[in-house]
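# Coordinate analysis (summary)
Here's the letter readout for the chains.
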Amino acid sequence: IAEAVGGKRTANTGATAFQKGDVSTDNWLLEAKTCIKHQKSFSLKEEWFEKNKQESLFMGKDYSAVVFNFGPDQPNYYVIDELTFKELLEYQKGR
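This section reports on the structure supplied with the text.

### Quick look at unusual backbone geometry
- Even without a glycine there, the phi angle at Asp73 is positive, about 60 degrees.
- Along the chain, the position of Asp73 falls in the loop between strand 4 (63-68) and strand 5 (77-79).

Dropping the structure here:
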């Protein structure tokens, strides 16, 4: 994920008081929830979003997302909130 978005991977995620999340870019904090074996379904937890949002604010990041996939060599899916999605729509309209 870090390579795909040009970000930095966080070592020992959650282990320090300063650096949070799994991947960080200039404006984004990403919480990675990737599968090590292929899955047909994936459950999302509200606490992942709440924790990532709080950590992104703490780190001064403008945006946060939870990233998941269905297994190795499967595409990653980035889950964002409605406000961020609307900003993306507006950005695309202005291009």
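Still more ground to cover, so stick around.
### A word on the side chain of Thr84
- For Thr84, the position within the fold is in helix 3 (residues 82-93).
- Looking at Thr84, the relative accessible area reads 10%, which means it is buried.
- For Thr84, the contacting residues outside a window of four places in its chain are Trp28 and Tyr63.

### Description of a negative patch on the surface
- Together, Asp62, Asp81, Glu82 and Glu87 make up a region of like negative charge exposed at the surface.
- One can find Asp81 in the loop between strand 5 and helix 3.

### Some thoughts on the pattern of salt bridges
- Within the structure shown, the criterion is met by 3 salt bridges.
- Note that Lys33 is salt-bridged to Glu31, the shortest N-O span being 3.4 Å.
- The buried category is assigned to Glu31, whose relative accessible area is 6%.
- Residue Glu55 is joined to Lys51 by a salt bridge in which the shortest nitrogen-to-oxygen separation is 4.0 Å. Of this pair, Glu55 and Lys51 both sit in helix 2 (residues 46-58), 4 residues apart, which is roughly one turn of the helix.
- Overall, Glu55 belongs to the buried group, its relative accessible area being 10%.
- Judged by its relative accessible area of 39%, Lys51 falls in the partly exposed class.

About the thresholds
- Residues numbered from 1 in each chain as written.
- Predicted model: local features only at pLDDT ≥ 70, side-chain atom pairs only at ≥ 80, totals over all residues.
- Heavy atoms only, no water.
- Helix = DSSP H or I, 4+ residues; strand = E, 2+ residues; numbered from the N terminus.
- Buried < 20%, exposed > 50% of the residue type's maximum accessible area, 1.4 Å probe, protein only.
- Contact = heavy atoms within 4.5 Å.
- Patch = residues over 30% accessible without salt bridge, like charges linked within 9 Å, V, L, I, M, F, W, Y side chains within 5 Å.
- Areas by Shrake-Rupley, 256 points an atom, 1.4 Å probe, with all protein chains shown as cover.
- Salt bridge = Lys/Arg side-chain N within 4 Å of Asp/Glu carboxyl O.
- Lys, Arg positive; Asp, Glu negative; His and termini not counted.
- Charge placed at Lys NZ, Arg CZ, Asp CG, Glu CD.

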